[in-house]
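Next come the chains, spelled out residue by residue.
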Amino acid sequence: MIGAIEKQKLVYILNRDAEARLTISSPLEAHKKIDYEEADSDPTGEAAQKTQQTLTFYELDLGVNHVVRKYSEPLEEHANFLVSVPGGNDGPSGVLICSENYLTYKNLGDQHDIRCPIPRRRNDLDDPERGMIFVCSATHKTKSMFFFLAQTEQGDIFKITLETDDDMVTEIKLKYFDTVPVATSMCVMKTGFLFVASEFGNHYLYQIAHLGDDDDELEFSSAMPLEEGDTFFFAPRPLRNLVLVDELESLSPIISCRVADLAGEDTPQLYMLCGRGPRSSLRVLRHGLEVSEMAVSELPGNPNAVWTVKRRSDDKYDAYIIVSFVNATLVLSIGETVEEVTDSGFLGTTPTLSCSSLADHALVQVYPDGIRHICANKLVNEWKAPGKKTIVKCAVNQRQVVIALSGGDLVYFEMDPTGQLQEYKERKRMNTDVVCMALANVATGELRSWFLAVGLADNTVRIISLDPSDCLSQRSMQALPVCAESLCIVEMGCTENDPKDAAAASTASSLYLNIGLQNGALLRTVLDPVSGNLTDTRTRYLGSRPVKLFRIRMQKSEAVLAMSSRSWLSYYYQSRFYLTPLSYESLEYASGFSSEQCPEGIVAISTNTLRILALEKLGAVFNQISFPLEYTPRKFVIHPETSNLIILETEHNAYTEETKKQRRLQMAEEMREAAGEEEQELAKEMAEAFLNEDLPENIFSAPKAGHGMWASVLRIMDPVQGTLYKLQRLEQNEAAMCLTMVKFHGQPEHQWFLILGIARDLQLNPRQCSTGFLDTYKIDASCRELELVHRTPIDEVPYALCAYNGRLLAGVGRILRMYDLGKKKLLRKCENKHIPNLIVDIQAMGKRIYVSDVQESIYMIRYKRAENQLIIFADDTHPRWVTCTSVLDYDTVATADKFGNIAIVRLPPNSSDDVDEDPTGNKALWDRGLLNGASQKADNVSTFHVGETVTWLQRATLIPGGWESLIYTSISGTVGVLVPFTSHEDHDFFQHLEMHMRSENPPLCGRDHLSFRSYYYPVKNVIDGDLCEQYNSLDPAKQKSIALDLERTPAEVSKKLEDIRTRYAF
């Protein structure tokens, strides 16, 4: 049953058809409407207050396929959610009603109601008058028993069981289970895990270690005698029944964000303020995969290469790590530990060019003077390089070895049926030096790989056939902009392991030739498995050093590790290709690594160390570091010289540290006073224990102080290391709303001032405060200390501040004011009172000021110096409830509103900001301006409904050498980009693709895509990239038909999608 708040209730019946697929019936109606005619006609609002909730039971009659309303009764207290009790053979049926302070069991028939108060924490700092509610629950049921886990709004979980007697419930029993962060929903799994989907911040997976039946925790029951209004008390404690197993990172809610390269890594990082209350954090996001270091060990010198080989070709794990130095080769065996061995058959007195496991359990080592073939029985066959020639490059797979001799000769060996390597009768002379070579792995059931790729010094790559009918003849060639550094042929696109996976089977795997160039670019080309032709080349710039390529295994299929100034991994995951950097220091050479502890790892060398690495979070675009904060963060600024962050945190309904201390001391005193003569000792101990208990607030939640109580702090920290330099606490009930950094006229050139807008005794609805302040602080040169210069009282809540040409602009309520620095306080220079409701954002560029009103969109204002006036010269025609804005150029502003729309507003080309205000009122009425507003109106360039409240907009480049895009973050933790089109051709192509995707791939829930994206205003000049990107996951027949309509091939369409993505973002 799905119920709407007012009237509609729809019942759907789920079934399975003959093939066990889930089917869903058409909905049956079970509408019940609350009659609120009285409340509408009553002006005092008392009738609305007295409206009672009703509890209604419905019955679904499967015989006539109809829903009947069975029984309805009014409830005494207001309930916030229902828990269904298992019925039939599993339990007594009925429902648990969770309401403020009480839990009630009700059922049809003779069952009488059973009530039990919700237990409260002993010695809680919360306001004692506050009610307590359950916010979510999970039911666990087995054949023999069932129980509920219900969580209060402080995060405490109770285990609830029902005592029954002949299917009649006799009592409710509650027992304190554990405390976890407050969740929106919980789920108990059959395997004994509890998943907690947190309201804000990361989600958690716990293992239920004990059911809490046989511990000394008190059990409360509805049968215990209590006075009306009294409740039970318990003491919260660290986890006892649950064990934390895993954590799922979540950015929700993102309150503010900046894109900047403060760590000097040439790719910008995203600095985000996330979370709420004591669980909030500063998160630093970097583009890249998280790398886990399994082991790091030092080597006796600087090696130049590393490989891993298996002892037998059908082994699951690797047996040896081979490390090559300038004049020696070290062989390490992999076991419990990694140690050197000498009996492996490998030649240790020479550097190694390559080594590999061959079929038939043999090994091969290629070194400058020859090839060493080590058979399974440790017999060694050697092939020596002829005359004075040495081997310069080689390529090896399970059954083939190709070497290039100095002078450009290619020699080809293939394994014959007896397991010997046989040299092919002819050698092929290349007319220039061979720079690099690559062979693909031998496919299952084949005898050889059919092609060899050779990179030559004349800036070409040639594909050479290894087919016995035309062995060593050239099949195709590709010219390159610069010389190739390395080659790698991999089969990607589908894993054979899961034939049921339709998406994977549809994109049958293809051979890709990856070419790493000396200028730091990577080319990926499709290699035709029959003809050897090269088609569909895609390019990415990876870094400043030549690109080396290594084939490794990820997710049971082949992947490529590319090393330049950073290391990148190219892999195929969940039916799409990823090319992601590793967030790790630069590496020099690598190979795949597989052992029991680390089945899919990488062994790599960096200077003189050998490292074993694992990549666990495949598919992730970012990895993140998190630094905890104390209260909900609101705004922050970056100090330009030191890159330190100045963060403002403000919490409503909260105590400051000082007030908490005082409350604790006062409560401890009350405990001592309440005790009688003989209980003094015990009371003293209890008071001591209470003062010393320290339960972390990020799990046990902070005490709720009541409405109108505020706590704020200002912190200065280094975002790279997370070092805290300064924590400035404000007094109780001083709510810091905004901050900005200003350089004032007539002050030293380098001196930054920090202005902080504060409201004292702020009440949110209706919005009022006893007084406001603008605090001025001097920031020292190292940005580690603040010195309070003075405090300026103001009469309204300051919501926005902005520096403007050596002065300060402040939005004080709905008044825009300009201040200058004085000796005792800030001096008011000029103001504008024409903004209707409340100023929430001020931006300045050149002479123009862009001011956002809370519900009337954006106003463009010019400061006229001669008359000392702030004059509105243009405004918007649509009401917009602005949350944040970003100035794109002198005439254009991007705005986001609280209903989840992003709009771009631009002044028409003929508008001028040189307008006169008319203080005398003697201008004619028709000159007054349109719609009582400014005389000039901004045009709406584009609108788009994101569907989530956007909290930050910024114009920035996300990748070095990329183009600028508009980055947005939303309250539900989304990071997105809006990228500009630079050509009509691209725009036309994507417009048609979007049109086809709308008709071919409608959303799961049946919403019309166009009407969703036009929820508040019609969508204009924005194409939904997320919808277009779903093209890659359509089935091939649909892909083909759409591509035909667009007069392209499916490969060209997906290349176009990839190009626009990599040009601007990741």
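Rules of the game
- Residues numbered from 1 in each chain as written.
- Predicted model: local features only at pLDDT ≥ 70, side-chain atom pairs only at ≥ 80, totals over all residues.
- Heavy atoms only, no water.
- Patch = residues over 30% accessible without salt bridge, like charges linked within 9 Å, V, L, I, M, F, W, Y side chains within 5 Å.
- Areas by Shrake-Rupley, 256 points an atom, 1.4 Å probe, with all protein chains shown as cover.
- Salt bridge = Lys/Arg side-chain N within 4 Å of Asp/Glu carboxyl O.
- Helix = DSSP H or I, 4+ residues; strand = E, 2+ residues; numbered from the N terminus.
- Buried < 20%, exposed > 50% of the residue type's maximum accessible area, 1.4 Å probe, protein only.
- Pairing = 2+ DSSP bridges.
- Axes fitted to C-alpha atoms, helices over the stretch in contact; angles between N-to-C directions.
- Parallel < 35°, antiparallel > 145°, perpendicular 65-115°, else oblique.
- Left-handed = near helix turned anticlockwise from the far one by under 90°.
- Contact = heavy atoms within 4.5 Å.
- Nonpolar A, V, L, I, M, F, W, Y, C, P; charged D, E, K, R; others polar.
- Core = buried A, V, L, I, M, F, W, Y, C linked by side-chain atoms within 4.5 Å.
- pLDDT = per-residue confidence, 0-100.

What to know about a nonpolar patch on the surface
Step number 1: Residues Ile2, Tyr12, Leu14, Leu22 and Ile24 make up a contiguous nonpolar surface patch of about 530 Å² in total accessible area.
Step number 2: As for its placement among the helices and strands, Ile2 is situated in strand β1 (residues 2–3).
Step number 3: Overall, Ile2 belongs to the exposed group, its relative accessible area being 54%.

Thoughts on the pairing of strand β33 (residues 370–374)
Step number 1: In terms of residue burial, β33 counts as a mostly covered element, since five of its five residues are buried.
Step number 2: Side-chain alternation along β33 places Gly370, Arg372 and Ile374 on one buried face and Ile371 and His373 on a second face that is also buried.
Step number 3: As paired strands, strand β32 (residues 363–367) and β33 are joined by five bridges and run antiparallel to one another. Of the residues in β33, the one forming a bridge with Tyr367 is Gly370.
Step number 4: Linking β32 to β33, which pair antiparallel, is a turn of two residues.
Step number 5: Bridge count for β33 against strand β34 (residues 380–384) is five bridges, and the pairing is antiparallel. Its bridge partner lying in β34, His373 is registered against Asn381.
Step number 6: Linkage of β33 to β34, two consecutive antiparallel strands, is achieved through a turn of five residues, within which Lys378 is found at a positive phi near 70 degrees.

Here we look at the pattern of salt bridges
Step number 1: Under the counting rule described, the total for this entry stands at 62 salt bridges.
Step number 2: Measuring nitrogen to oxygen at the nearest pair gives 3.4 Å for the salt bridge that ties Asp17 to Arg21.
Step number 3: Residue Arg130 pairs with Glu153 through a salt bridge whose shortest N-O separation is 3.5 Å. Linking Arg130 in the loop between β12 (120–121) and β13 (134–141) with Glu153 in the loop between β14 (146–152) and β15 (156–165), this pair joins segments that are 23 residues apart in sequence.
Step number 4: We classify Glu153 as partly exposed; its relative accessible area is 21%.

Remarks on the packing of helix α4 (residues 657–674) against helix α5 (residues 680–692)
Step number 1: Running from N to C, α4 and α5 cross one another at 165 degrees; their axes reach a closest spacing of 8 Å. Judged by the inter-axis angle, α4 sits roughly antiparallel to α5. In the crossing of α4 with α5, the sense of the turn from one axis to the other is right-handed. Contact with α4, carried on its side by Arg664, Leu665, Met667, Ala668, Met671 and Arg672, involves Gln680, Ala683, Lys684, Met686, Ala687, Glu688, Phe690 and Leu691 of α5 and no other residues of that element.
Step number 2: In terms of residue class, the contact of α4 with α5 is made up of nine nonpolar, one polar and four charged.

Some thoughts on the nonpolar core
Step number 1: Counting 48 residues, the largest nonpolar core has Ile321, Val323, Phe346, Leu561, Leu569, Leu610 and Leu615 as its most contacted members.
Step number 2: Counting residues per element, this core draws most heavily on strand β54 (residues 609–615), which supplies five residues.
Step number 3: Leaving out residues up to four positions away in the same chain, Ile321 has contacts with Val306, Trp307, Thr308, Leu330, Val331, Leu332, Ile334, Phe593, Val603 and Leu610.
Step number 4: Residues Tyr105, Ile118, Phe220 and Phe234 belong to the second largest nonpolar core, which totals 26 residues.

Remarks on the environment of Pro117
Step number 1: Mapped onto the elements, Pro117 comes out in strand β11 (residues 114–117).
Step number 2: Separated by 109 residues in the primary sequence, Pro117 and Leu226 have C-alpha atoms spaced 9.2 Å apart.
Step number 3: Apart from the residues lying within four places of it in its own chain, the contact partners of Pro117 are Asn101, Tyr102, Leu174, Leu226, Asp230, Thr231 and Phe232.

Description of the confidence of the model for the protein chain
Step number 1: On average, residues of the protein chain carry a pLDDT of 91, and 97% of them reach 70 or more.
Step number 2: Counted against residues more than four places away or in other chains, residues 495–506, with its pLDDT under 50, gives ten contacts.
Step number 3: Low pLDDT (under 50) marks residues 920–928, which in the prediction has five contacts with non-local residues, meaning those over four places away or in another chain.

Description of the sheet that holds strand β27 (residues 305–309)
Two strands in a sheet stick together by hydrogen bonds in their backbones, pointing the same way (parallel) or opposite ways (antiparallel).
Step number 1: Across the sheet, which stays open at both edges, the four strands sit in the order β27-β28-β29-β30 with antiparallel pairing between neighbours. The sheet is open, and its two edges are formed by β27 and β30 (338–340), each paired on a single side. Averaged over all adjacent pairs, the angle separating strand axes in this sheet is 25 degrees, with direction ignored.
Step number 2: Looking at chain direction, β27 and strand β28 (residues 320–324) are connected through five bridges and run antiparallel. Bridging from a neighbouring strand, Val306 pairs with Val323 of β28.

A word on the packing of helix α7 (residues 984–1000) against helix α10 (residues 1036–1045)
Step number 1: Running from N to C, α7 and α10 cross one another at 145 degrees; their axes reach a closest spacing of 10 Å. You can see that α7 and α10 cross each other, and the crossing is right-handed. Contacts between α7 and α10 involve Leu993, His996, Met997 and Glu1000 on the former and, on the latter, Lys1038, Ile1042 and Asp1045.
Step number 2: The class makeup of the residues in the contact of α7 with α10 is three nonpolar, one polar and three charged.

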